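Structure at a glance
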Amino acid sequence: MTTGGPTQDEFEKLLRWLDHDRDKAGERYEKIRYRLIGVFSSRGCCEPDALADKSINVVTLKIDWLLENYVGDPALYFYAVAKKIFLESIKPKPSANVPPPDPQPPEVEQLASHLDECLDELAQSDRDLVLRYHEFEKQEKIRNRKRLAEELKFSLNALRIKVCHIHSRLKKCIESRLREQPKE
Amino acid sequence: MASRNHDQAGIRAYLLGRLSDEEQQKIEERLMVEDDLFEELEVSKGELIEEFCAKELAQSEHQWFKQHYLVSPEGRQSHVFALALDSLKSSIPAPKRRTWFERFQAFLKTHPLAFAIATSTALVLVVVSPFIFRSTPQTSYAISLKNTISNRTSGDARFPTVPLSPDIGELRITLLLPEGVMRGTDYRVVLDDRSETRSLKATSHDENSVLVVVPTKSLHEGPYLFNLYAIKADGTEQPINGEYRFELIDSSRSRSSPKPQ
């Protein structure tokens, strides 16, 4: 960026704008960045992290104006900027030729072996839950999940969320194993 | 709850490209500030990937999802994760629900002191119990139930009635297997009283039937049905089509006299 990125002072002001408590401001910053990445990913961006950081930089550069004039939830201002940046990013290449995902990516086998190990690291009840949750297909899968929710005395929605959290833990575990693995 | 379901539908529509620009903007603004909705996004992404891998999405949805979320690094990673999970599903049999006795055994294995205390307590109980408890003989009530598939030709919508009385301690219910259905190496039975379901292990089985024993103290008056699952040698389950229905009737009110064993 020829105009240069935000200064440390601007960044400090941005954090104060998000929250006067520095720790809370840091959390808020991370949360906004994570959500921007989520939105960009949902829209099919290939570089959601870079676009999120670019959006944050644009907002940070406007911090003095924002402090004086903006009223409302800062997250919504970040979103408004992010949306413009997204539209700019697709202008030169409206149908970016990004190859679709490989139906059988080569890394699946390696990942499955890490997943197997990571499943073993879960509490027995969580491991059983995630394996039972993924049993069956189509209608029987739906019935199975209802049964499982009733058996565990959860609402179906609470069960979906619980399994999603277990998936997140498994993904983190796999990522850390992949990082630990010596590179060829 | 209704709003949660509404959000779930909205998020699916968002991820599958079925929203107008205005609706998309509204939902994205909410995603920035509502924790529950963002959580729903995370859950729905996982579910849609699962449906994508299982080819359960409509053709147009499949294409949209492939060309949007799945081209993002997060989407690609989640896709590989779902495939890895799928490949494990076939190699690891899903765990059976452990009985209380199995859970108790596991607990004792990890808590030897508790084992010692439990053993001593059991010994004391064996010695003392004849002096404490008076035996109250209770009978079993046996009944055979046909699968609703086998019953279909009769046109009779009434289900067998079973008495509920304090004298009957347990129901010994034989579920007759319809012809032509897959036989399992074992069976799991799910009892449904229309308000909740519970999973039971078959007590025994042979080529043509499955026996399940249900203590009556856990039952109440009303209609019940059983769903039956054949457990294959590799540990996976296959549901047996049809159901087994019966109705429990308070014997003090029922005139149709049953035959206790």
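What follows deals with the overall build of chain B. Secondary structure assignment for chain B yields 8 helices and 9 strands. Counting only residues that meet the buried cut, chain B has 23% of its 261 residues in that class. Here the analysis covers contacts within chain B between residues at least 6 apart in sequence; of these, 69% occur between residues at least 24 apart.

What follows is about the packing of helix H9 (residues 156–180) of chain A against helix H3 (residues 35–53) of chain B. One way to put it is that H9 of chain A packs onto H3 of chain B with a least axis distance of 10 Å and a crossing angle of 75 degrees. The angle between the axes of H9 of chain A and H3 of chain B places the two elements in the roughly perpendicular class. Across from Arg160, Ile161, Cys164 and His167 of chain A in H9 of chain A, the residues of H3 of chain B making contact are Glu39, Glu42, Val43 and Gly46 of chain B. Looking at the contact of H9 of chain A with H3 of chain B, its residues break down into 3 nonpolar, 2 polar and 3 charged.

With that out of the way, let us pick up H9 of chain A. In this model, H9 of chain A (25 residues) spans 36 Å end to end at C-alpha, consistent with the 36 Å of a helix rising 1.5 Å per residue. Residues of H9 of chain A that are buried: Arg160, Val163, Leu170 and Ile174 of chain A.

To continue, consider the environment of Leu37 of chain B. Residues and elements named next belong to chain B. One can find Leu37 in helix H3. The exposure class of Leu37 is partly exposed, given the 17 C-beta atoms found within 10 Å. The sequence separation of Leu37 and Gly10 amounts to 27 residues, and the corresponding C-alpha distance is 9.9 Å. When residues no more than four places from it in sequence are discounted, the contact partners of Leu37 are Asp7, Arg30 and Leu31.

Attention now moves to the interface of chain A and chain B. Between chain A and chain B, the contact holds 42 residues from the first and 44 residues from the second. Secondary structure elements with two or more residues in the side of chain A that touches chain B: helix H2 (22–42), helix H5 (74–90), helix H6 (108–121), helix H7 (124–133), helix H8 (138–152) and H9 of chain A. For the side of chain A that touches chain B, the element with the most residues is H9 of chain A, which contributes 6 residues. A per-class count over the side of chain A that touches chain B returns 19 nonpolar, 7 polar and 16 charged.

Residues and elements named next belong to chain B. Spatially, the 5 strands line up as an open sheet ordered S2-S9-S8-S4-S5, and their pairing is mixed. In the strand order of this sheet, the two ends are held by strand S2 (161–164) and strand S5 (197–201), each with one partner. Strand after strand, the sheet turns through a mean of 30 degrees between neighbouring axes, direction not considered. As paired elements, strand S4 (residues 186–192) and strand S8 (residues 222–231) share 7 bridges and run antiparallel to each other.

All names here are of chain B. Inspection of the sheet shows strand S1 (residues 139–145) paired to strand S3 (residues 168–176) by 7 bridges, in the parallel sense. Opposite Ser144, over in S3, you have Thr174 as the bridge partner. Strand direction decides the pairing type here: S3 and strand S7 (residues 209–215), joined by 7 bridges, are antiparallel. Each residue of the ladder has a partner; that of Ile173, found in S7, is Val212.

A word on the nonpolar core. Formed by 40 residues in total, the largest nonpolar core has its most connected members in Leu36, Phe40 and Phe78 of chain A together with Ala84 of chain B. The element that contributes the greatest number of residues to this core is helix H5 (residues 73–91) of chain B, accounting for 6 residues. If we ignore the near neighbours within four places in the chain, the residues touching Phe40 of chain A are Cys45, Pro48, Leu51, Ala52 and Phe86 of chain A. In this structure, Val162, Leu171, Val214 and Ile240 of chain B belong to the second largest nonpolar core, which totals 20 residues.

This next bit is on the environment of Asp206 of chain B. Along the chain, the position of Asp206 of chain B falls in the loop between strand S6 (204–205) and S7. A sequence separation of 23 residues divides Asp206 of chain B from Arg183 of chain B, and the C-alpha atoms of the two residues are 9.3 Å apart.

Before going further, it helps to examine the packing of H2 of chain A against H5 of chain A. Residues and elements named next belong to chain A. Where H2 contacts H5, the axes come no closer than 11 Å and their chain directions differ by 35 degrees. Classified by chirality, the crossing of H5 by H2 is right-handed. Where H2 abuts H5, its residues Ile32, Leu36, Val39 and Phe40 lie against Ala75, Phe78, Ala82 and Phe86. Tallied by class, residues from the contact of H2 with H5 come to 8 nonpolar, no polar and no charged.

Definitions and cut-offs
Residues numbered from 1 in each chain as written. Chains lettered and ligands numbered in written order. Predicted model: local features only at pLDDT ≥ 70, side-chain atom pairs only at ≥ 80, totals over all residues. Helix = DSSP H or I, 4+ residues; strand = E, 2+ residues; numbered from the N terminus. Buried ≥ 20, exposed ≤ 12 C-beta atoms within 10 Å, placed from the backbone. Contact = placed C-beta atoms within 7 Å. Axes fitted to C-alpha atoms, helices over the stretch in contact; angles between N-to-C directions. Parallel < 35°, antiparallel > 145°, perpendicular 65-115°, else oblique. Nonpolar A, V, L, I, M, F, W, Y, C, P; charged D, E, K, R; others polar. Expected span 1.5 Å × (residues − 1). Pairing = 2+ DSSP bridges. Core = buried A, V, L, I, M, F, W, Y, C linked by C-beta atoms within 7 Å. Left-handed = near helix turned anticlockwise from the far one by under 90°.

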